[in-house]
Amino acid sequence: MNLQKLDKRQSLRKIDLKNEYKAHLWKKNKSYVKFIESLSNHIHDYGIKFIVLWENLDFFLAVKDKYDDIDDAKEFIDNCLAEIETDNYSSNIYHLYKYSELKDIVNNALKSDEIASTLLTCRFIVYASAYDLLFEVVAKVLAGYTFDVAYYETTNNIIPVNLTGIEDAHNHFSEYFAFENEQEYKFTPYRLYSANEYVLNYDISALVSIVSDITDANILLHGLIIPSREGKIFDEPRAETVLPAKLFEYETEPYIEYRGIKMEVSTTDLQKEIFVCSLYLDLDDGIIRTISEKHEISAEDVAQSLKYLLGRKIYIHPVIESWAGTQIEISWVEVV
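Residues numbered from 1 in each chain as written. Predicted model: local features only at pLDDT ≥ 70, side-chain atom pairs only at ≥ 80, totals over all residues. Heavy atoms only, no water.

(A) Fine view of the nonpolar core. Grouped together as the largest cluster of nonpolar side chains are 58 residues, with contacts concentrated most on Trp54, Ile77, Phe147 and Phe173. Where this core is concerned, the elements lending two or more residues are helix H2 (32–55), helix H3 (57–62), helix H4 (70–83), helix H5 (102–109), helix H6 (114–142), helix H7 (147–155) and helix H8 (166–175). One finds Ala299, Val302, Leu306 and Ile328 within the second-largest nonpolar core, a separate group that totals 24 residues. (Core = buried A, V, L, I, M, F, W, Y, C linked by side-chain atoms within 4.5 Å. Buried < 20%, exposed > 50% of the residue type's maximum accessible area, 1.4 Å probe, protein only. Helix = DSSP H or I, 4+ residues; strand = E, 2+ residues; numbered from the N terminus.)

Structure below.
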């Protein structure tokens, strides 16, 4: 039987690639916030699985004579964990490695805090790796090794004899994958965006990249405005640099007034979150700036591309002078 030793870098690389693939899938579906939520949920899931596996070590060690193949042992562990109601163990999750920071990290990562997002990714890798390491050791035990020998075969280290509880065990298995020089995290709260607002901001960023590829337009700025509403008691604070938009909630023909243009809204959308989305075309001597500087394009070209991609009405605003220079703003309405 060929027992491959678990190489630390190899394991991290494997989990890193899975992590990147999840990021690719979520971003492909235009939802970075779901990727962050996915990481946080997986941290919780891996933590609970670690607890269940560790708390049931006696059972697994008692049945090791039944298995002589690691793949069979792994399948047996998976089946056991799948049948256990893991919700019963969730009350112990707070014992685990730095889990108390997770809420703040997630809150900040949802607001595009780079340090928080990095920490969350690191934490996910630590949790997943710790569980994978314990899983590998127990699988080797079921295949015939003693626990001490299985741990040594997997890590080339001797397991300490003083692992008395969940927290000690998880810290020990996590330390094997700890990140050196991890940036210190400090919680800095500011105005909370709704999940929809953050997702839409991310979606617009992805959309701008696509429109730039299609039209060659050099689009560096895009924006998102929440229109003020007649029926809203409290308005969110608004940056002074953002132009106001107002939603008129008429029963038959509601509309948004933004920069002197009436933007159409459906009556069925009034119970949802409504946003005005914009991208800005920079002008040099009256000519729209392009990426290649080889093509001449018009605002209508960009609007037509947006209309094709979004399937909704697009609005072109007059040329304006702003802090960013001479620009043409192109807007549309999004409902989530």
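(B) Broad picture of helix H10 (residues 299–310). For H10, which comprises 12 residues, the first-to-last C-alpha distance of 16 Å matches the rise-based estimate of 16 Å (1.5 Å per residue) to within 8%. Downstream of H10 by a residue or two, glycine 311 has a phi angle that is positive, lying close to 70°. (Expected span 1.5 Å × (residues − 1).)

(C) Structural detail: the pairing of strand E4 (residues 255–258). Relative to E4, strand E3 (residues 245–248) runs antiparallel, the two being bridged by four bridges. Following the sheet pairing, alanine 245 is matched in E4 by tyrosine 258. Joining the antiparallel neighbours E3 and E4 is a turn of six residues. What sits between E4 and strand E5 (residues 261–264) in their antiparallel hairpin is a turn of two residues, with arginine 259 showing a positive phi close to 55°. (Pairing = 2+ DSSP bridges.)

(D) The pattern of salt bridges, seen in detail. Applying the stated rule across the entire model yields seven salt bridges. Lysine 313 is the salt-bridge partner of glutamate 264, the closest N and O atoms lying 3.4 Å from each other. In this pair, glutamate 264 sits in strand E5 while lysine 313 sits in the loop between H10 and strand E8 (315–322), placing the two residues 49 residues apart along the sequence. Classification of glutamate 264 by relative accessible area gives exposed; the value is 54%. Overlapping salt bridges bring together Lys74, Glu136 and Lys140 as one network. (Salt bridge = Lys/Arg side-chain N within 4 Å of Asp/Glu carboxyl O.)

(E) Structural detail: a negative patch on the surface. A contiguous patch of negative charge on the surface is contributed by Asp68, Asp71, Asp72, Glu75 and Asp78. In this fold, aspartate 68 is placed in the loop between H3 and H4. Judged by relative accessible area, which is 59%, aspartate 68 ranks as exposed. (Patch = residues over 30% accessible without salt bridge, like charges linked within 9 Å, V, L, I, M, F, W, Y side chains within 5 Å. Areas by Shrake-Rupley, 256 points an atom, 1.4 Å probe, with all protein chains shown as cover. Lys, Arg positive; Asp, Glu negative; His and termini not counted. Charge placed at Lys NZ, Arg CZ, Asp CG, Glu CD.)

Purely geometric numbers; function is a separate question.
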